[in-house]
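Working through the structure, step by step
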Amino acid sequence: MTLSPSPSISSETQPTVSPDNTRPAAASPTSAPEPPPTPPAGGTPAPLTPSTLRTIVRELAERPEEWIHHVRLSTEERWYRRLAADDDHEVWLISWLPGQSTGFHDHGGSRGAFAVALGELEELSLGGPEQGLLIRRIPAGTARAFGPEYVHDVRNTAVGPAVTLHAYSPPLSSMAHYDLRAGGLVRTSEEGPEQW
């Protein structure tokens, strides 16, 4: 299955900080406030908006006393820990050593946001036909948010470790992985919570 380019997202550079073993991204600001989501039938809470998720991770990043004691570094792969789980969203803490990355992945239809609390990361995504591969530096203090169809690759290409905070709504139920090929992104595998 080949995907078309990801919808564009935006970042905001404001003081902030960042999840635990994998999964991250950002939402685009608009001039008008986002309408509240319509609650689905059956009692399941409506997903939070990307803007709300960005606020959650940005504010948490500014309170390191609530998460810094959980941070661990792993030379084998990114280290992660879920900090909070609710019916409508979850929050993850992730640490990254130089060279560690997610590879291209989606978020199983969840909206999301992440904030870089310490260090710096790089994000790759596909833009429109004229843009091709987009590469963004994401320094500490930056929070990004994204919608349910977003696909990206996040990596630590810096010389030191990084720490991020991620929020997803609804909580992650699956993640698909992709290879970037000449024709675009090709889905290669899928994982579920039992692998996290």
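This text gives an overview of the structure that appears in the document. (Residues numbered from 1 in each chain as written. Predicted model: local features only at pLDDT ≥ 70, side-chain atom pairs only at ≥ 80, totals over all residues. Heavy atoms only, no water.)

1. Remarks on the environment of V163
Mapped onto the elements of the fold, V163 is located in strand β11 (residues 162-169). Sequence-wise, V163 and G119 are 44 residues apart; in three dimensions their C-alpha atoms are separated by 6.6 Å. (Helix = DSSP H or I, 4+ residues; strand = E, 2+ residues; numbered from the N terminus.)

2. Some words on the environment of R181
The residue R181 is located in strand β12 (residues 175-181) in this model. Not counting the four nearest positions on each side in its chain, R181 is found in contact with V186 and T188. (Contact = heavy atoms within 4.5 Å.)

3. Looking at the sheet that holds strand β7 (residues 120-126)
Here three strands make up an open sheet; going across it, the order is β8-β7-β10 and the pairing antiparallel. Only two strands of the sheet have a single partner each, and these edge strands are β8 (133-139) and β10 (153-155). With strand direction ignored, the average angle separating the axes of adjacent strands in the sheet is 20 degrees. As defined by bridge partners, β7 adjoins β8 across seven bridges and the pair is classed as antiparallel. The partner of E123 across the bridge, within β8, is R136. (Pairing = 2+ DSSP bridges. Axes fitted to C-alpha atoms, helices over the stretch in contact; angles between N-to-C directions.)

4. Some words on helix α1 (residues 50-61)
For α1, with 12 residues, the first-to-last C-alpha span of 16 Å sits near the 16 Å given by 1.5 Å per residue. Restricting attention to buried positions, one finds in α1 the residues P50, L53, R54, V57, R58, L60 and A61. Here the buried residues of α1 occupy an arc of 165 degrees about the axis, which is enough to place them on one side. (Expected span 1.5 Å × (residues − 1). Buried < 20%, exposed > 50% of the residue type's maximum accessible area, 1.4 Å probe, protein only. Arc of directions from axis to C-beta.)

5. Details of the nonpolar core
One finds V57, W67, L93 and L165 to be the most contacted residues of the largest nonpolar core, which totals 18 residues. Elements with a contribution of two residues or more to this core: α1, β4 (90-96), β6 (111-118), β9 (142-146) and β11. If you tally residues by element for this core, the top one is α1, at four residues. W92, V116, L121 and I138 belong to the second largest nonpolar core, which has 16 residues in total. (Core = buried A, V, L, I, M, F, W, Y, C linked by side-chain atoms within 4.5 Å.)

6. Concerning the pattern of salt bridges
Any two side chains of opposite charge can pair, given that their charged atoms come close. Considering all chains together, one arrives at nine salt bridges under this definition. Across the salt bridge formed by R137 and E122, the nearest N and O atoms sit 3.0 Å from each other. Of this pair, R137 sits in strand β8 while E122 sits in strand β7, and the two are 15 residues apart along the sequence. Of the charged contacts in the structure, one is a salt bridge between R187 and E190, with a shortest N-O distance of 2.0 Å. For R187, a relative accessible area of 32% gives the class partly exposed. Given the relative accessible area of 44%, E190 is considered partly exposed. Among the charged side chains, a salt-bridge network with shared partners connects E120, E122 and R137. (Salt bridge = Lys/Arg side-chain N within 4 Å of Asp/Glu carboxyl O.)

7. Focus: the pairing of β4
Buried residues dominate β4, accounting for seven of its seven residues. Neither face of β4 is exposed, since E90, W92, I94 and W96 on one face and V91, L93 and S95 on the opposite face are all buried. When strand β3 (residues 79-85) meets β4, the two strands line up antiparallel, connected through six bridges. Residue Y80 lies in a different strand from β4, and its bridge partner there is I94. Turn length for the β3-β4 hairpin, with the two strands adjacent in sequence and antiparallel, is four residues. Strand direction decides the pairing type here: β4 and β11, joined by seven bridges, are antiparallel.

8. Section: unusual backbone geometry
Each neighbour pair has its own omega, and for S169 with P170 the value is -10 degrees, a cis peptide bond. Relative to the helices and strands, P170 is located in the loop between β11 and β12.

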